[in-house]
Structure formats: C-alpha cells, structure tokens
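These are the residues of each chain, in order.
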Amino acid sequence: MSYDLAIRGGRVVSGAGSRYADVYITDGRVAAVTGEALTAANEVDAGGLLVFPGMIDTHVHFMDPGDATREDFPTGTTAAACAGVTTVVEHTHARPVRTVDELTAKLEHLQDRSVVDYGLAAHAWPDQIDQAAALWRAGVTYLKAFTCTTHGVPGFDAAHLLELFRRTAPVGARCLVHCEDESITGYWEESLRAAGRRDPAIVCEWRNREAEATATLVTSFLARWTGASVVVAHASNPEILRLVERERAEGADILIESCPQYFLLREEELLELGPFRKFTPPARARSSRDLERMWDALAERRIHHISSDHAPSTAEQKTGGDIWDVHFGLPGIDTTLPVLLDAAHAGKISYELVAETYAEAPARAYGLWPTKGSLRVGADADVVLVDPDRSWTVSEGDVISRAGWSPFAGRTLVGGAVATYLRGQLVAEDRRPVAGPGTGRFVAGAGAR
Ligand SMILES: [Zn+2]
C-alpha cells in the first residue's frame, strides 16, 4: 500500500522518548511510525529536524466574538499554526459561554474562522452553576471559574466553588480555576485606591502572593473533598506547587498549569514597563534563582502542563488608561513553543518534556488524548517540524497576534517550528500561514463523546 505523506528522517519526539523514524500519514491520521522504508505519494525531508506532535494550548483568549480589536479567531489561530500549535482551547471573558445556547451561538459564529482545531471552554457563573453538567455534555472542554472578580467575571466564593465541584465531580467535568482570593484582593484594592496610588507597583501589592496561595488552598481542599477534577490555572511560583501537592497526596485530582511569563519575567519589570507587565497573578521572581526554581519544578514534573494564557491587548490599549483601568494579560501564543524549545536547547528541560508539557499532558488532562497530543498510529496527523538550532531574536514585527508586541521581544531564542501540519495538511511553513480560516474544526470535549 502507499501512504499519502511520508515525513522522513526526523527525530520523532514524545514524552516517553525520541527516535529516528519516518512518520506516514493517510487520510489525515498517523498510519505508521517506523524505520522501515515504505512508499508514499508525497514526501517531506525532515533530516536534522525534530518531529513533534502538534502543540495543544488549552488556555487562550481570542476575544471572538467579544473584542476583535484585541484578537480574533482568524488572527489568533494563524499565530498558533505558525508557532506550531495545532489545537487551542479558547474562552472569552467579555462574551462568556454560560449556557448551552451561548455555546451553540459561539460555535455558529466560529464556523470557518479557525486555522487550527479548537475546543471551547465555558465560564462557570456563580448564579448559573446548574448549567455546568449540560455544558459539559454539550462538548465544552472544561469549565473556567474565577475565585475573584476579574475581567468583569464574578468571583466564586468557597460556598459557590463547593457547589460547582459537587456538580462537576459526578459527571467528570474538569474545572480550570483562576486562584486569587477575593477578600484579599478586594481589601488591597480598596486600600491602594484610598491611598490614591496609581503607580505600577499596585499590581503586585493588590494581586499578592497571599491571595494566590489562599485561593489555591481552598480550591485544592474542595477538590479533594468533593472528588472534582481541577486544574489550578497559571501557578506563578513554587510555593503554589507545594500547596497543591499536599492535597494531591491526600487524594485530590488536581493538576497545575503554568505559563512562560512565570519562567522568564521578573516582578520588578512592572516598575519600568507598567501596563506591559500587568497580568495576574503577576510575575513573582525576584532573582534569576527564582526563575531557575520554576524551570527545575517543570523538569521535576511538578508542573503538569504549560499554556500561554494568551490574553492580548494592543500597545495602544495597554497605554490607553491608568494602571487600574487597562486590561490584564499578555500575548503569548506566538512565543510559548519557542520559549520551551529555547529552554530545551539550553538544557534546562528536555525536548521530550516539551512534547509532554505542551502537547501530551494537556491532551490527557482535558480528554483529548490520544487523538490529539500524540503521534501514535490512529492519532490525528497534527505534526510540527522543529529546527532545534535555528536562532532568532523575537521582534514585534514577528508577532502575528493582533497585540503586535511581545513581552519576550529582544530575546534571542534557539529553536522554532518550520512546518505545521493539521490532520496531514500543511497549515504553516517558516512562520507563514499556508492555510486559511476554515481549515480548523471544533473538537468536542470528553463529556460529549
Ligand atoms: Zn486566562
């Protein structure tokens, strides 16, 4: 028999290890991974390249529908494809999906707007907790909850979080929880405003470590108590990991997500860069040792998976008001894989860990495995070819996201995607799109299957 496509001579990387093999694709799926020379209608030479499963970014905000001046699906998913991300899971705070009707409307809106495959998360809403099971069965990837009022989304106190977990646990729906305690952030917001403060340092005083730790404790404890499946979103520092590990040791089904900003950016950058470092939880690192501790934690698998938490605003939007008013968030979809590849090149983590942490682990956490996140026979042929030695300096001109800037601009990174395949189809090559919106399909969550 002849296959549709052969990707020859690359080093095929998975979380379990890597080996030189040819990847054969037929009808959009991986048909064989072997050192045996088989015939194929088309061939790609991957000599000198790493062959990864397409990356899976399970925490992005493309603001579509919502605020297309910040991002939209065609642009955000083009950036994803060029970076080597073949599946995203999206939710938009300004136009939340709280009911099945809102999910249906969003799915209709997104028809033909995505370059890569996409799942959608729902927003859990304190006064609509009864919608959780129906949303899960309708195909959302997870339910997002905030423990503090943020981006206009009302916060869950312990009582409401308990009720949410009681409803999601029996149906197996996973929740992604943004952990910052409302009473602590509220207290500090009031104090800082009363003192007339408008300097950038308010961000880390308002959104302090104690607020993140307190909400993480309550969330982890309630996860164990109810048996709910939970992910702690964007853990900012190693102390958070320790709190979660204690409850996991007692039986909690709780995983930790983190993001590049907590491995590369320092708290003090807020003072100089203000709104361009306004994201929450904020960067905590005060020394390069603090940053190294995060890389060590990732290498020790104490952080389950990485996402970008892509939450872009343009430079104009970031400077269009005082520090209290401008949006939280950083653009990240363009740079998350390059940042991880660079760390692997530097020896902080392995390439296998890149595959695990940004493809396999998130796929498993959210029920997408093994169709996504794997190059096993039968998996979707989502493949990214990586040149591990390509050195490039991140510049704002490279950023495809509507944000048009990057917190990592000016850094020289080694490693990047040179070709991205979605279900066997080439969608990006050398950081340029070769497929348009409509190539990507909706991927229903595990509750709908
Ligand atoms: Zn987010």
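Residues numbered from 1 in each chain as written. Predicted model: local features only at pLDDT ≥ 70, side-chain atom pairs only at ≥ 80, totals over all residues. Heavy atoms only, no water.

**Q** Summarise the nonpolar core; cite the residues concerned and give the values.
**A** Phe-52, Leu-164 and Phe-165 are the most contacted members of the largest nonpolar core, which totals 94 residues. For Leu-164, the contacting residues outside a window of four places in its chain are Ala-124, Ile-129, Ala-132, Ala-145, Phe-156 and Cys-175. Core analysis: the next-biggest nonpolar cluster, separate from the first, contains 19 residues, Val-23, Ile-25, Val-33 and Val-51 among them. (Core = buried A, V, L, I, M, F, W, Y, C linked by side-chain atoms within 4.5 Å. Buried < 20%, exposed > 50% of the residue type's maximum accessible area, 1.4 Å probe, protein only. Contact = heavy atoms within 4.5 Å.)

**Q** An account of unusual backbone geometry is requested, with residue identities and associated values reported.
**A** A cis amide bond links Asp-64 to the next residue, Pro-65, at an omega of 0 degrees. Within the fold, Pro-65 resides in the loop between β6 (55–60) and α1 (73–83). Here the bond from Trp-369 into Pro-370 is cis, since omega is -5 degrees, no more than 30 degrees from zero. With respect to the secondary-structure elements, Pro-370 resides in the loop between α14 (351–365) and β15 (383–393). A positive phi angle is found at His-151, which is not glycine, with a value near 50 degrees. The topology assignment puts His-151 in the loop between β10 (143–146) and α4 (158–168). Judged by relative accessible area, His-151 falls into the partly exposed class, the value being 34%. (Helix = DSSP H or I, 4+ residues; strand = E, 2+ residues; numbered from the N terminus.)

**Q** Quick one: what's the story with the pattern of salt bridges, residue by residue and with numbers?
**A** Tallied over the full model, the rule gives 27 salt bridges. A salt bridge links Glu-102 to Arg-98, with the nearest nitrogen and oxygen atoms 3.1 Å apart. The class of Arg-98 is partly exposed, set by a relative accessible area of 22%. The shortest N-O distance in the salt bridge between Glu-247 and Arg-224 comes to 2.4 Å. On the criterion of sequence distance, the pair formed by Glu-247 in helix α8 (residues 238–249) and Arg-224 in helix α7 (residues 209–226) is long-range, its members being 23 residues apart. Glu-247 gets classed as buried once you look at its relative accessible area, which sits at 12%. In this structure Arg-224 comes out as partly exposed when scored by relative accessible area, which is 28%. Overlapping salt bridges bring together Asp-117, Lys-372, Asp-380, Asp-382 and Arg-423 as one network. (Salt bridge = Lys/Arg side-chain N within 4 Å of Asp/Glu carboxyl O.)

**Q** Can you break down the sheet that holds strand β7 (residues 85–90) residue by residue, with the values?
**A** Strand order in this open sheet of three strands is β6-β7-β8, and the pairing throughout is parallel. Among the strands making up the open sheet, the edge pair consists of β6 and β8 (117–120). Averaged over all neighbouring strand pairs, the angle between strand axes comes to 20 degrees, with direction disregarded. Relative to β7, β6 runs parallel, the two sharing four bridges. Bridged to Val-60 within β7 is Glu-90. Sitting on the sheet, α1 touches β7 and β8, and the angle it makes with β7 is about 140 degrees. (Pairing = 2+ DSSP bridges. Axes fitted to C-alpha atoms, helices over the stretch in contact; angles between N-to-C directions.)

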